[in-house]
Amino acid sequence: MHMVIYAFVEASTRDEALAAGKSAFDRLVGVALHTDAVLDDSVTFDETDVTGAGHARWGERPAAAPSKSNAGEELLEAGWEATIEAFEPNLAAVREGLNELDDEAIMRDEDLVRHACHNLGAYRGPSVVLYDEHGQGIRDRERLNRILGGAESCWIVPADVHY
């Protein structure tokens, strides 16, 4: 499966932002030392010669954009919407499962309620769309706002990932 994820990085230039974003994505695919892979592969949108991923799969997107630019705001909105779309069904599944299933059924992962619990608690991986420059998930709006407001020059770097 493929999805687009986004890294929020502090950088002075597009090239610095791309390098920082790629470093964050490398942590997620286990390229960096002392990191466990939670995704299989990543392709940033500056890689135009790739078939089946990036531009070929998702169409034109900027490789990196300042968060306060029009392109950056569009990427931010897309990333936040995807975050909510990943969160809400998992939350609903957990609430429903806890209300309707007994302990044994939950232990057996009936209706995938334990899987939904895992997704809600994940800090990295397919249920997390937004990341900081260290490859740590951004799971709530307050943290996202702190990152956006705390950097002198915040950039957003999208990547097509496979999991």
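The numbers attached to residues start from 1 for each chain and follow its sequence in the written order. Totals for whole chains, interfaces and linings use all residues, but because this is a predicted model, local features are given only for residues with pLDDT of at least 70 and pairs of side-chain atoms are given and counted only at 80 or more. Computation of side-chain values covers all heavy atoms of the structure but excludes hydrogens and water.

Asker: I'd like a description of the layout of surface pockets, backed by residues and values.
Answerer: Note on definitions: the grid is 1 Å and covers protein atoms alone; a cavity is a set of points where a 1.4 Å probe fits but cannot get out; a pocket is an open set with protein on both sides within 12 Å along at least five of seven lines; lining residues have an atom within 4 Å of a point. Grid points are joined across faces, edges and corners, and a volume is the space filled by probe spheres set on the points. Computed from the structure, the largest pocket encloses a volume of approximately 230 Å³. As for the largest pocket, its lining consists of 14 residues, and the residues nearest its centre are T83, F87, L120, S127 and R139. Going through the elements one at a time, helix 3 (70-100) and helix 5 (113-121) are the ones with two or more residues in the lining of the largest pocket. Helix and strand assignments come from DSSP, with helices taken as H or I runs of at least 4 residues and strands as E runs of at least 2, each series counted from the N terminus. Sorting elements by how many residues they give to the lining of the largest pocket places helix 3 first, with six residues. Here the residues of the lining of the largest pocket sort into nine nonpolar, four polar and one charged. Here the term charged refers only to Asp, Glu, Lys and Arg, the term nonpolar to Ala, Val, Leu, Ile, Met, Phe, Trp, Tyr, Cys and Pro, and the term polar to all other amino acids, Gly among them.

Asker: Go over unusual backbone geometry with me, naming the residues and quoting the values.
Answerer: For D109, which is not glycine, the phi dihedral falls at a positive 65°. With respect to the secondary-structure elements, D109 resides in the loop between helix 4 (103-107) and helix 5. Between buried and exposed lies partly exposed: a residue is buried under 20% and exposed over 50% of the maximum accessible area for its type, with that area taken using a 1.4 Å probe on protein chains only. Residue classification places D109 among the partly exposed positions, given a relative accessible area of 24%. Residues other than glycine seldom take positive phi values, yet L112 does so here, at roughly 55°. When you line up the elements, L112 lands in the loop between helix 4 and helix 5. L112 gets classed as exposed once you look at its relative accessible area, which sits at 52%.

Asker: I'd like a description of the pairing of strand 1 (residues 2-10), backed by residues and values.
Answerer: The element strand 1 is extensively covered by neighbouring structure, given that seven of its nine residues are classed as buried. When DSSP finds two or more bridges between two strands, those strands count as paired. As judged from the nine bridges shared by strand 1 and strand 6 (residues 154-162), these two strands associate in the antiparallel manner. Considered in strand 6, the bridge of I5 is made with A159. Here strand 1 pairs with strand 4 (residues 130-132) via three bridges, running parallel. Bridge pairing in strand 4 links Y6 to L130.

Honestly, that's just the spatial picture; any functional story needs more than this.
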